[in-house]
Structures are given as structure tokens and as C-alpha cells.
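Analysis of the macromolecular model
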Amino acid sequence: MSPAVRRRRLIAVLAVLVVAALFGGRWVALETAERAWAQTVEHGGVYVEARDLARLVRGVVLLAGALWGVVQFYLVYRAIGSVQVPRRLGNIEIVEAVPQRLLLALALGTGLAYGLLLTLGTGDWWLAAALAAESPRFGTADPILERDLGFYLGPLAWSMTLQNRALVAALSAAVLVGLLYFGMGALRFERGRPVAGPHVRAHLGTLLATLALVLGWGALLDPAEVVAGAHGPLDHAALTVRLPGSAAVVGATLVVAGLSLAWAWRGRPAALPAAWGLLLITQITVYLLAPALVRAGRGPAGASDPALAEERAALERVARGADAFREEPLPEFPSPRAAIAALPLWDADQVARAARYRRVFGDRATAVATALLPGGRRRPAWLAVPAPDLAAFERLVPRPAWEEIHAGSWARTGAPLVAVEEDSGLAFEPAPVRDSAFWFGPGLPEFAIAAPDTWPGLRPAGMTLDGWWRRIALAWALQSPELLGLPQDRLVLWRQEPGERLARLLPAARFDAPVPVIADGALLWTAYGYVESSLFPMVGSVEGDTPAGRGTRGGQRRGRGGARGDLRYVRVGFVGTVNAATGETRIHLAPGHDSLSAAWARVFAPLVRPVEELPGQLANVLPFPRRAFGVAAEDAVRDRADTVTWQRRPVEPFTAPAPGAGLWLAQGFETVRPPAFVALVAGRMTASGPRLALWRPSPPEPRPVPVVGSPELRPGPLRLWPAGGALLAVQGQFGEAAQPGRDPAPPKVTRVYLSWGARGGSGPTAEAAMGDLFATGPTRDTTLAARWAEARRLLARADSALARGDLQEFGRLYQALRRLLAPPREPR
């Protein structure tokens, strides 16, 4: 071997070693950092075990895929005698044989690449496998196959996952191998029959038999898949044709598998093409043609079966979490005055904008998270928590130094404040929390550096820099070499964003965006975790992201057995909390959790705590989960709506306090023809689980007059609640005029609009609007003479408003006059 060749080989070996050291060192550093972070979370060992299980499942899947691909292409290589490549040397053409070692290397490399391609998208298989091993038990069976409901969420989803990937592997291998043999000339067709040698026959025939058996496996699963909604809505055609027809498909696949094996070992292909043709015709008939004919024969009414309507409705309540839904009166305010004092005029966005404009958190641009506080105060109040504004951070020139980002003001949130609603603005005061420094919250950078004496409660949540390897590993994993020069007593606070912490610890749930709450004197970031599935018997699908609320990144993003957005099962299963000061992270089962959540809790025990360990004060201040409210309320209202179409009013759900019952999430519904308010759906989280109530006034109430906006005015949120025997509607109008050379002015209330039954009133403040409410409009039980006198007063005021050009006031008075003279009728 010449020195030049030896030098090139040495350089190649060194390059391979360097690449392996870089990738391997990076992997080891990340693993070290992950395990160090797990030690900062109570019961974080479960997180490490879950990572190990995920790695084990991925390894097994990769090994199986690689073996499948390598074996298929190696068997093809064995059928190759020799490959000759023509070459030209001047005017002479010669033929050179390709070395067998090179052919073997190409076959093994191609097989390995093919096998690895088959394993794409299997990263979350470990979750499906874990759930199948710890199958949920509902104790209720579906009325068709009489299987426990948990079978569809666990074992069926896992079996479908395996069968679908096995079908892809068998079909792709049969096609690829068949094409290779055909191109080599080892496989040919005579009179429509395959002709091949013993080796090719054995290989290709075994693949065809495997494909037939995988198709038979799918036919065995098909009845459960149909009932679970994997192939579309369950209807009469699926029940009468597809379910019993699956047995015919299974029989056909067994016959085809037997004939394929007979051809593989005996070389008798006479019936093989006919058998595969018969299997294809059977599948088309059972799965497509016959159901379509049955649907066409039954007409439009064939899409639903009245005999199963009651069972379907019961299962939909289970799937949506509406099984606790009641049609009952809501807690009512004793008088309009009490309701007006309790119902807020502001919303979360307006409170955040007012806080940013007034610089209540300092001069630095901040993003503000807000949440309505429960009642019990003199006026409605909001909790406002500042966080670094990452959008503003990206625009900063010059960029802040590393110490400012990770150890300075950018690494913490500000102290929370309480924003109390006044006549036209907000009054900010300190929040009743015992902590003074807050290191965890939305918008914070990936990690922060803190001294151990900054706050005593931080030490359990921080990763120490002791040991040379841990220091190097953290610096490498976090891509911050500055960590190498820090003192040994510094703490590294990793993953300060509450949503990311919860999603990593419990990837089986999909968490909402965290909201701030105060419980036991501590500021907590709280998020609900949802369990989802695309499989559930007999129910229709709902959108994965509902208008009522959108979740953060988390596990089970596609649901079990299908893509997100085609979900049939959505339930609130968990409550995750992160202490803003200490980083203490806990995940509890939610009140009223379902069997699927209980199964996941067993998988991730003791990281997931029982619902009984949820602190009592926290349980009393939990808001109702918005996403679950949107799904359950829509289903419940659809089942109870009259022949007249109901539409939302307002469009988005709103939060409202109720007398002695904490915070409710509510949604109003009204009809256009005849115009009337017909229902109010409200939900509240209780210690026993979510409570959903439907209040229907009888007779229906007049619709609240809409408040419009302009370039200088913006309508606030409309809030509705029963008070004093009638529906009270409260809505503010906010002025947002811009000032030259400055940011837009902070929002302030310019006018308040009220309606109570047939009465209407407005004024610059809530108190003035209430005075106008009782100065205009009749009481609900008045004489004809009083109503006529009130109509004259309304006409005079409307004429005055028209004369001064106040069209909005004229419209409001005109609507009040219409309600007075022509009250709406109850829809039939």
C-alpha cells in the first residue's frame, strides 16, 4: 500500500471518528441534560422512564424495518448471477463484470434505506403501545359489537396502527421485488400466468401470501373500525352490508394466501391471478359498491338509523364530556343593580393593552397575561401578569447581552397586579401573593441563571453546575459556552415556559395555553390537558381546534387512529400547574375525569397525581376549560334547539361571575326570525367535575341591541346573565383614539349599554346607564296606559337623538320602542 493511499485512508477514518464524536457527544450531552432536568421535577424519574420506553420502542421498530428491507433485497441479490457493465477503451468496447461484493453492498444499503423509510412517522408509537397495555375500562359497551368503549381507544387503535404499517410494508415489498425480478428477466408472464424459477417463486409467493394475510387482518378489524368511525359516519349501509361482508373478505384472503403459498412451493399458477382478482372484486363490492347501492336505495334518510339515535346521543355525551349537562336555572342575581356591579365590562385583551400603555410593569415592552378573578370584591377585578415580549426582543438593536437575557430582567416575569374596574378605566394594585420573584411563565427564554440565595425555593427547580461533565453537557445541550465560566453555585433553570414543561412531562395530553391563578398566596400557571382520539363508537367528529379555544403543543396531537381535526373523543383529563416563583410542577387528574385519562394516569404514575390531592383552594378558582365548553355546548344545544335555527350571541364564549358560585363560562343563543334570545349555556368547574347548565327563558327574552364600533370606538364584550327575573345584558363601548407621535391611547369606557327584559338604558358609566335603564322602558308587567306613555317618551327621545345626529342612540331607542310595542313571540 502506497503512502498516499495510507494517508487518504487515515484521513477518512479520522473524519468518521470526528463526525461520530460530534453526533455521539451531542446525543450524550442532551441525554445528560434531560436527566438532570428530570431531577428538578418531583417524580421526574417517570419522565426518564418514558424516554427510555420511547427509545426502546423506536429501536425495536427501526430494527424490524431494517431487517425487513435488508432481507427482501438480499434475497433479490441471491437471484442475481452476475452483472456486466459495458465500457469503451478507445474504439474497443469491452464488458466488465461488477464485483459481487459491490452488488452485495448495494443490495444491503438499498434494503436498509428502504426499511428505514418504512419506519418514518413511528416516533409516538410508544404511546399507543403503552395505552394498549393499560387499556381503559369504561364499564359500558357499545350496542353493536358489545365491546367495552375502552377497546376502541386502546387495543383497536394500536392494532390499526400495526396493521396499516404492515400493509404498507407487505404491499411495497411485493411491488418492488416483483419489478426487480421482472426487470432481471427472472419473472415473466405466459398467457397471463406468472412463470419463475424456484427461488423467485418462493420469495415472491411468500410476499403475496403475507400481503393476503395482512389484508385478512384488516378485514377482521374492519367491523370495529366501522363502528369507531375510522371509515366515516356509521349508517345503515355500514351496519347491514359492510359489517357482515367482512367475513367474506376474510375468507377470500385465506384462500388467496393458500394459493400464493402453493404457487411458491409447487409452481402451479393456474388459479393465482383469478384468486387475486376475486379478492379485489370482493373488497370493492363489500367496502364500496354494495354500501353505495344501499345508501342510494334508502335516499337521504338512510344516513341515520332512528333505532340507534338514543344510543348515539348517550355515547356522544360521553365522548364530549356533556354527560353532566342539565337543563336547569342558573344562579340568579337578586337585582339588576347587583348584576351590574358584578359583571365586568372589560376583556382580557383590553386589560393587557391598558397595562402595557400605562407602563405599570416598567418601561420595557411586555406581553401581559390576564384572567378574571372570582367575585367577592367591590368591583370586577382582573389578574395581570407581565412576561417578556419576545416580538419586541427580536426588534431590539443592539441585542441585550447574554447576562441580561439569561440572568437579568429578561429571565423573569414581573410581579402580578390586580386591575380593578372603575367607572371608565382600571386601577392597578399589588396582587395578594407571598412571593417577590417569578422565574416561570409564558414568553421566557429557554433557560435562566440564578444564584441560590436569590430565592430559597428555587434550589429544587435548578440544575447545578457541579462536575466537569455536567457543566460541559449543559453548555453543549443549551448551546451556551458561557455556562463554562459561571461559578459552581449557580442554578440553571431550564424550560421556564409552563406549557412546554407540562407537554414534555405528559405527552399523552394536549394542554391549553396556561392561564394565571392565585391559590394559597402563590401565583400558579394552570392549564387543562385534553385526551383525544379519532376512534369512538357511533359518534360524529369534531374539529381538533375548536373556536372556543386552541391548545398548545402536546402529545397525542393527531389523536389515536387518525389525523387531528377528525376527532371523535375529546375530554378534559388533567390539570397542570407550574408555580411561577419556584417552578414546582404538578399534574393532577381533573375533577370528573374519564376512564381514558385514568388509564394514562396509571401509565405515568406517580407523576400524575390523583384528583383527591388537588389543593382545595385551587379547585375553587379553576376556570372552566374553554375548549371542552365549546365542544359540549354545541352538541347539547344542537340536540335541544327548536325547528328555528339558533345562532351564537355573542360569537365567542365569555367569562362571568355568578352570585355565590365563582366564575362561569357562558354562551348565549338567539333566533333571527322571530327575533328573540332563547338560551344561555354556562359551565363551571366544581370539585366533582365540570358542570354544564342550559337556561331557557320562558317566554323568550328580547334580543339585546347590538353595540357598534367606529375608528375611534370599539364595542366591548357582551355579557348576559339572569337578574331579578329577566335577562340582563351588559356591554361597554371603549374609546381608543390615537395620539400623534405616541402609541394608541389606553382603552377606556366611554359608554355603557344595558338591557333588562324589555328595558334599555345607556350612559357614560354603569351607574348612569342603570339610572337610564329605569328611566326608560316599561316594567315587565304594566298596564296599557303606562306602556303608551312610555312609547311617547321613547319617541320624543328618539326624535331628539335624530336631530343631534346621534344615529346609534336613535337606533337603540328605536329597538326599545319595537320591543315595547311588538314583543317577540316564543319560537315554535
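Residue positions within a chain follow its written sequence, with the count starting from 1. Selection of residues for local features in this predicted model requires a pLDDT of at least 70, selection of side-chain atom pairs for listing and counting requires 80 or more, and totals for whole chains, interfaces and linings are taken over all residues. Side-chain numbers come from the whole structure's heavy atoms, not from hydrogens or water.

**Considerations on the pairing of strand 8 (residues 417-421)**
In terms of burial, strand 8 is largely enclosed, as five of its five residues are buried. Categorising residues by exposure relies on relative accessible area from a 1.4 Å probe, with only protein chains included: less than 20% of the type maximum marks a residue as buried, more than 50% marks it as exposed, and the intermediate range marks it as partly exposed. Numbering of helices and strands runs from the N terminus; a helix is a DSSP stretch of H or I covering at least four residues, while a strand is a stretch of E covering at least two. Residue alternation in strand 8 divides its side chains into two sets, L417, A419 and E421 and V418 and V420, and both sets are buried. One requirement defines pairing of two strands: DSSP has to find at least two bridges between them. When strand 7 (residues 381-388) meets strand 8, the two strands line up antiparallel, connected through four bridges. Within strand 8, the residue paired with W382 across the bridge is A419. Bridge count between strand 8 and strand 9 (residues 426-430): five bridges; the pairing is antiparallel.

**Let's talk about the sheet that holds strand 7**
Strand order in the open sheet formed by four strands is 6-7-8-9, with antiparallel pairing between adjacent strands. Strands at the two margins of the open sheet, each flanked by one partner only, are strand 6 (366-372) and strand 9. Taken pair by pair, the neighbouring strands of this sheet meet at an average axis angle of 30°, ignoring direction. Pairing of strand 6 with strand 7 involves seven bridges; the strand directions are antiparallel. Pairing of V368 across the sheet is with P386, part of strand 7. Packing against the sheet, helix 12 (residues 348-357) makes contact with strand 6, strand 7, strand 8 and strand 9, and its axis sits at approximately 140° to strand 6. The axes are straight lines fitted to the C-alpha atoms, using for helices just the contacting stretch, and the angles between their N-to-C directions are given from 0 to 180°. Contacts between residues were defined by any pair of non-hydrogen atoms, one from each residue, lying within 4.5 Å.

**Some thoughts on the side chain of E701**
With respect to the helices and strands, the residue E701 is situated in the loop between strand 23 (689-695) and strand 24 (713-715). Owing to a relative accessible area of 3%, E701 belongs among the buried residues under this scheme. Two N or O atoms form a polar contact when they lie within 3.5 Å of each other; inside protein one atom must be a possible hydrogen donor and the other a possible acceptor, and for residues adjacent in sequence the pair counts only when both atoms belong to side chains. One polar contact links the side chain of E701 to the main-chain amide nitrogen of L727, over a distance of 3.3 Å.

**Re the confidence of the model for the chain**
Across the chain, the average pLDDT comes to 83, with 86% of residues at 70 or higher. Values of pLDDT, ranging from 0 to 100, describe the predictor's confidence in every residue of the model. Segment residues 544-564 is flagged for pLDDT under 50; beyond a separation of four residues in sequence, or across chains, it makes 66 contacts in the model. Low confidence marks residues 824-828, where pLDDT is under 50. Its contacts with residues over four positions away, or in another chain, come to 14 contacts.

**Describing the packing of helix 2 (residues 45-78) against helix 7 (residues 198-228)**
Direction vectors running N to C along helix 2 and helix 7 enclose 155°, while the axes themselves pass 9 Å from each other. Between helix 2 and helix 7, the angle is such that the two are roughly antiparallel. Handedness of the helix 2/helix 7 crossing: left-handed. Counting all contacts with helix 2, which are made through W68, Q72, L75, V76 and R78, the residues of helix 7 involved are H199, H203 and L207. Per-class residue counts for the contact of helix 2 with helix 7 are four nonpolar, three polar and one charged. An angle counts as roughly parallel when it lies under 35 degrees, as roughly antiparallel when it exceeds 145, as roughly perpendicular when it falls between 65 and 115, and as oblique in every other case. Two helices that cross are described as forming a left-handed crossing if the nearer one is turned anticlockwise from the farther one by less than a right angle, and a right-handed crossing if clockwise. Under this grouping Gly is polar, as are all residues other than the nonpolar Ala, Val, Leu, Ile, Met, Phe, Trp, Tyr, Cys and Pro and the charged Asp, Glu, Lys and Arg.

**Quick notes on the side chain of R501**
As for its placement among the helices and strands, R501 is situated in helix 16 (residues 498-505). Of the side chains bearing the opposite charge, E500 lies closest to the buried R501, which forms no salt bridge; the N-O distance is 8.2 Å. Side-chain polar atoms of R501 contact the backbone oxygen of R495, separated by 3.0 Å. Non-local contacts of R501, meaning those with residues more than four positions away in its chain, are made with W37, V41, F440, W494, R495, Q496, V578, G583 and T585. His is not counted, nor are the chain ends, whereas Lys and Arg count as positive and Asp and Glu as negative. A side-chain nitrogen of Lys or Arg and a carboxyl oxygen of Asp or Glu constitute a salt bridge if their distance falls within 4 Å.

**Observations concerning the nonpolar core**
With 100 residues, the main nonpolar core has L483 and F604 as its most contacted residues. Here the element with the most residues in this core is helix 2; it accounts for seven residues. The nonpolar core is taken to be a set of buried Ala, Val, Leu, Ile, Met, Phe, Trp, Tyr and Cys residues, with the residues joined through side-chain atoms within 4.5 Å. Counting residues in each nonpolar core, the second largest holds 48 residues, with A419, L426, L718 and F734 among its members.

**Regarding the pairing of strand 22 (residues 676-686)**
Burial within strand 22 is extensive, with 10 of its 11 residues counted as buried. Bridge analysis of strand 21 (residues 663-671) against strand 22 gives seven bridges, and the strand direction is antiparallel. Across the sheet, residue F669 finds its bridge partner in strand 22, namely A679. Counted along the chain from strand 21 to the antiparallel partner strand 22, the turn is four residues long. Direction of pairing for strand 22 relative to strand 23: antiparallel, over a ladder of seven bridges. Pairing of A682 across the sheet is with A693, part of strand 23.

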